[in-house]
Amino acid sequence: MSKTKSFHISKQVIWDAYKRVKANKGSAGVDQQEIKDFEVNLKDNLYKVWNRMSSGTYFPKPVLRVEIPKPDGRMRPLGIPTITDRIAQMVVKFHIEPTLEQQFHVDSYGYRPNKSAEQAIKTTRQRCWQFDWVVDLDIKGFFDNIDHDLLMKAVRKHTDENWILLYIERWLKTPVQFSDGSQKSSDTGTPQGGVISPLLANLFLHYAFDIWMSRYYPINPFERYADDVVVHCKTLIEAEHIKSVITSRMRACKLELHPEKTKIVYCKDENRRDNYYQTQFDFLSFTFRRRTCRTKDGKLFNGFNPAVSLKSRKAILDTIRSWKIHRKSDKTIFDIARICNPVFRGWYQYFSCVNPSETYLVFKHFNSILYRWGRRKYKRLRTRKQFFSWMNSIRVKYPNLFIYWNIDGVGIRTVQ
């Protein structure tokens, strides 16, 4: 270790952090520097990151605030650090994540290695079959309202490295810069979009919720994906109690449950005959509700199951419409497949984890757009019968041309 450096941070970990940040891609921060710009003087830029972090003279730049649309029409604020700050945050993440991962709860699924939303959905489905009631929690403005003192108290329980504590505190105090150039400092919150933010958010809720639930309400399992949480209960009385005590617990941790979005849900199915006004909830872009299902031997029954939510379906359809495929008469069917398949693949991989046939309406709509494209491009394909006959001939020769052609109940022949 160099005698001139305050902290021992290897150059190799800086290099590894840069490679991870590059792989993650992402937009430019307040300095408008993208990865390609950073790489023009890569060696010098990485040396500056190492030198400043090692000497304690590293200070982050303001976080650029941008807004992206949510499925419900509202906007989600994101904070985009600069490339340099993302590399520095990745260095800290490399050091503390392995230790924190050993402590985190098994039913915390968000932004963790070897954990996924698909796992959370499947676990939630199984437990909805076992428990009649769910408390669907919504923490109001969670990322913007994390208390810094409580968060740093949690961080100190897991590291005594001065440089880690120093830089996390600096990131928490970094102001947000808006599109008009104005800046705002805050005593609470960690911006969504930062490399370190999801890890810090998980750490905060590990103590504010996960450990507390395990200690005081071990018979009520839950699934948590970042700040999206569902808790399972046996009875309505139990669910009302759980909702009340969690509300108090969040207040003690300087957070607030959304009064309208936090709700109790009855998991009504064929065998549950009670009446309750709330019988469905959304979790991770899936809607859980009573649905007609089929047993292995072909019998139909009413079960409580998840499928792609209406909000998610609308967002997908909006994306498909934005491509304006019907106007691309200069493209071949193979060109269109190359344009659409990467996005279709992502949708399919996520929503096919349960009830993949529920994506039927999405791809049926896309087939209608393809029909409009075919009519503009080929004069001989004026009727739906002519078009789908032609498409079926394509499908025989190229059965994997479009991802959704292989989904049961969704293929081109079923939507003519």
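Residues numbered from 1 in each chain as written. Predicted model: local features only at pLDDT ≥ 70, side-chain atom pairs only at ≥ 80, totals over all residues. Heavy atoms only, no water.

Asker: So what about empty space enclosed by the protein? Which residues, and what values?
Answerer: The full count for this structure, using the stated rule, is 4 cavities of 30 Å³ or more. Roughly 120 Å³ of volume is contained in the largest cavity. In terms of lining residues, the largest cavity is bounded by 17 residues, among which Val63, Pro81, Gln89, Trp171 and Pro191 are the most central. Secondary structure elements with two or more residues in the lining of the largest cavity: helix H4 (83-101), helix H8 (162-173) and helix H9 (197-216). Along the lines of polarity and charge, the residues of the lining of the largest cavity split into 9 nonpolar, 6 polar and 2 charged. Lining the second largest cavity are Ile316, Trp347, Tyr348, Phe351, Thr359, Val362 and Phe363. For the lining of the second largest cavity, the secondary-structure elements that each account for two or more residues are helix H12 (333-351) and helix H13 (360-377). Looking at the lining of the second largest cavity element by element, the count peaks at 3 residues for H12. Class assignment for the residues of the lining of the second largest cavity results in 6 nonpolar, 1 polar and no charged. (1 Å grid on protein atoms, 1.4 Å probe; cavity = no way out; pocket = protein on both sides within 12 Å on 5 of 7 lines; lining within 4 Å. Points joined across faces, edges and corners; volume = space filled by probe spheres on them. Helix = DSSP H or I, 4+ residues; strand = E, 2+ residues; numbered from the N terminus. Nonpolar A, V, L, I, M, F, W, Y, C, P; charged D, E, K, R; others polar.)

Asker: Which residues make up the packing of helix H11 (residues 310-322) against H13, and what values do they have?
Answerer: The geometry of H11 relative to H13 is characterised by a closest axis approach of 10 Å and an angle of 20° between their N-to-C directions. The orientation of H11 relative to H13 falls into the category roughly parallel. Along this stretch, H11 crosses H13, giving a crossing that reads as right-handed. Contacts between H11 and H13 involve Arg313, Ile316, Leu317, Ile320 and Arg321 from the former and Leu361, Val362, His365, Phe366 and Ile369 from the latter. Across the contact of H11 with H13, the residue classes break down as 7 nonpolar, 1 polar and 2 charged. (Axes fitted to C-alpha atoms, helices over the stretch in contact; angles between N-to-C directions. Parallel < 35°, antiparallel > 145°, perpendicular 65-115°, else oblique. Left-handed = near helix turned anticlockwise from the far one by under 90°. Contact = heavy atoms within 4.5 Å.)

Keep in mind that these numbers describe shape and distance, not what the molecule does.
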